[in-house]
Structure formats: structure tokens, C-alpha cells
Amino acid sequence: MKLAARVSQVTPSLTLAIDAKAKAMKRDGVDVCSFSAGEPDFDTPDHIKQAASEALKQGKTRYGPAAGEPKLRDAIALKLQTDNQLCYSAENIIVTNGGKHSLYGLMMALIEPGDEVIIPVPFWVSYPEMVKLAGGTPVMVNTTAAAHYKITPDQLRAAITPKTKLFVLNSPSNPTGMVYTPGEIRAIAQVIVENDILVVSDEIYEKLLYDGADHLSIGAASPEVFDRTIISHGFAKAYSMTGWRVGYLAAPVEIIKAATKIQGHSTSNVCTFAQYGAIAAYQGSQDCVEQMRQAFAERRQVIVDLVKAMPGLTCIKPDGAFYLLINISKVGMTSLDFCDQLLTDHQVAAIPGIAFGTDDHIRLSYATDLTTIERGMERLSAFVTSKV
Ligand SMILES: *Cc1c(COP(=O)(O)O)cnc(C)c1O
């Protein structure tokens, strides 16, 4: 059978593959300490589940508008106004099947052959693949540990060509855990405006900030950059709703209309009663978000201290999200070999940095309990001690 060429142009999601192997080992009774999953380990807060369950009882079980339930689009617009000083109304919002599909829909609506999309490395696994699926060309820009894995305005400027359409910004970042300061965001915004390109800001980890880190949504940096900004967001990470598949884009109306047209012929609306859970997430108390954030903050301290004490490994303390990027270059293995051996011989699941465009690193997710962190880091320590 001859499959479409686009299939061979993309690589399968390595993060999902390692996670699947770890889960299969667990099913076979192996005691695996898993740091691979990119999802919170908490259950969805009760009031959100109750709202969805109530919606089910009320018969919210039918097709809805492709762009999303009007009440949810209103709630999202209000959130973006009050939390982020972004002047959006419901017509600027499309509700999508998670923050992943919001980005996919955006690429389909915006990118065509010949278009270049600038992506800082390390990147979230799906960015370059989505660009390729849309027929565009991902342009990777390597960042440095010295710059905390953040692209500098000069680097961005140097990567822009007449073909550049879009820059992908992700802060707080998966996989680096780094957060761009408001000053850095403003400087990036200036480059966007000067060169008249678009920026998509993936803000899915917005609420997971530590040590007083500040989140500035790039669209709020100036009216000029606001017109060139697309926000990609979702409920998965802050509200522990990964399986619900609710995310959204916020953008100029023209882009939302285009993405809605495409969604109308691909997924139609997001699961109707799930959207009612999302409404409750934004309209209800935000205490649950803060409680989970505090738990992540404590785990972050523990895992960073343990890793910093290991020979041959270096890392930068993250100020957002729930990932720790570890430099393994002194160990002298590829990231894939490192993770494979670590899983097979020491029953610790981590993600090889090659999935994020860097073979010098591995990524640990600390969205897991403290006992697993302590046991897993003992095993990691034994592994690297045997190698260096
Ligand atoms: C998890 C994640 C998303 C979106 O996840 P969904 O489950 O599709 O909402 C988007 N961007 C990054 C960087 C993520 O880590």
C-alpha cells in the first residue's frame, strides 16, 4: 500500500512511545518509576467533574457550534481580559480538542508550502511535525543553557527571512521549564512587530510558576503585537483535565473564522458536556490550581536538589511548568540510549532530549508523588554513577 508522503515526513511522538513502554512494563508487574508523562498526576477537581456530570443529566449531549459553546467562549474571553489584559471577545475564540489540536488547526489555517515557522530548540515535540503536516518548513534556532534555553531577540531577528510567517513561543516551556521575563517578552514582541510576522504563544503552563516568576502574555506587550498574536491555551495542565480534550485559540477574527471552517470539516465541536466542565474550571474557585501548583513547587525543590547532587549531570532550576531538563553530555551516551538503558536496567522512565531537538539532554516530569521522586532519583543516581 502506498501511504501519503506526509506520513513519512513526520516522526511518531517519542514521548507517547516511551510512556507506553513504561505503562506496559507496569502492567507486567515491573516496579517502574515514571517521569515520562506530560500530565499532572491529580484527578480533575470535583466541582469541574460535577459540572460536566450535570450537563450530561441536562442532555448536553448533542452537536454544538463548531467554534464551541457560546458560554465557554465568553468565559475564555473574560479570563483573557482579566488575567492577561488581552482585549478579546467571544468571536476571537475557538474551542478545540485540547491545546494540541488548537495548534494543529492554526497551522492548517495559516501555513502553506514555502512558509517558514521559527521554533526555538529545545521545543515541544509536536511543533515541527505540525508545521510539516501543513506543508511548511520548520526553522530551528538553538538556544543555550547560558540563556536558560530562551531565544534572544538577536537570534530571532537573524532567523527571519522574507518567507517567515510565524514564530512559536512557549512560556513556561515544555521541556525546559523556563519562563521568559516580561522584559524578554517585550523585546521579542518588538522583533515580531518590526518584521511584521505572526507569533503563536503557547501558554498552556501559564498558571504553573515558581519563585515569583511573572507571566506576560505577549499580546499584552503592545497594540501592534496584539494584532499579530495568536494565543494557544487549554485546560489540561492547570486543571488536571488532560483526558477531557478542551483547549482553545484566541486570535484576530479572520484567523478564528479560518480555523473554524477547518474544524467544521474535521472534528466539528469539542465534546459538548466536556465544555461545561471547562466553563466550571474558569468560573469556579481557582484554589484547586494553587493547591496543585504548591504540590509541584515542593516536588520541584526535591527533584532539583537530588539531581544537582549527582555526578556528571547538570540542570537549571525551572521556574515554570513541571519538567526538569537535565544535561547528560558528560555521561557520553545518546539521549535515546541513556533513556532506554535507564528504563530497561533501572526501571526509570524519562524522555530522551532528541525528541525535543537536543541529544545532550533528558527530560523528567515531576508531576508525580514525592516517594516516586525519591526512589526514582536513587535509581538514576546509581545509573549515572556506574557510567561516569
Ligand atoms: C500538554 C501541552 C499542550 C496541549 O495539551 P492538550 O492536552 O492537547 O491540551 C500544548 N503545548 C504544550 C507545550 C504542552 O506541553
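Residues numbered from 1 in each chain as written. Predicted model: local features only at pLDDT ≥ 70, side-chain atom pairs only at ≥ 80, totals over all residues. Heavy atoms only, no water.

The name given to the protein in an unreviewed UniProt entry is Aminotransferase, with the source organism recorded as Myxacorys almedinensis A. Annotation of the protein in UniProt includes, under Sequence similarities (unreviewed entry), the sentence "Belongs to the class-I pyridoxal-phosphate-dependent aminotransferase family." UniProt's Cofactor (unreviewed entry) comment on the protein is quoted here verbatim: "pyridoxal 5'-phosphate". (UniProt positions renumbered as here; feature names shortened; annotations may be inferred.)

S.K.: Can you walk me through the state of the cysteines in this structure?
M.R.: What we call a disulfide is simply a covalent bond connecting the sulfur atoms of a pair of cysteines. Tallied over the full model, the rule gives zero disulfides. No disulfide involves Cys315; its sulfur sits 15 Å from that of Cys339, the nearest cysteine. Residue Cys315 is classed as buried on the basis of its relative accessible area of 13%. (Disulfide = S-S within 2.5 Å. Buried < 20%, exposed > 50% of the residue type's maximum accessible area, 1.4 Å probe, protein only.)

S.K.: Sorry, what's going on with the domain arrangement of the protein here?
M.R.: It is common to report an interface's size as the accessible area lost on association of the parts. When the domains of the protein are assigned, the result is domain 1 (5–44 + 287–385) and domain 2 (46–283). Its C-alpha centre places domain 1 at a distance of 25 Å from the equivalent point of domain 2. Counting each side, the surface lost to burial between domain 1 and domain 2 is near 3,200 Å², with a carbon and sulfur contribution of 60%. For domain 1, the biggest contributors to the area lost against domain 2 are Thr44, Ile316 and Asp319; these three give 23% of the whole. Scanning the region where domain 1 abuts domain 2 turns up two salt bridges. Across the pair Lys49 and Asp43 runs a salt bridge, and its minimum N-O distance is 2.6 Å. Where domain 1 touches domain 2, the interface holds 20 residue pairs in polar contact (both at pLDDT 80 or more). Here the element with the most residues in the side of domain 1 that touches domain 2 is helix H12 (residues 287–308); it accounts for seven residues. (Domains from an automatic or database assignment. Buried area = accessible area lost by both parts, 1.4 Å probe. Salt bridge = Lys/Arg side-chain N within 4 Å of Asp/Glu carboxyl O. Polar contact = N/O pair within 3.5 Å; in protein donor to acceptor, adjacent residues only side chain to side chain. Helix = DSSP H or I, 4+ residues; strand = E, 2+ residues; numbered from the N terminus.)

S.K.: Where do I start with the site of the ligand in this structure?
M.R.: The full set close to the ligand counts 13 residues, and Gly99, Asp202, Tyr205, Lys237 and Arg245 are the nearest of them. A distance of 2.8 Å separates an oxygen atom of the ligand from a polar side-chain atom of Asn174. Between the ligand and Asp202 there is a distance of 2.6 Å, counted from a nitrogen atom to a side-chain nitrogen or oxygen. When isolated, the ligand has an accessible area of 380 Å², and the protein chains bury 93% of it. (Near = heavy atom within 4 Å. Areas by Shrake-Rupley, 256 points an atom, 1.4 Å probe, with all protein chains shown as cover.)

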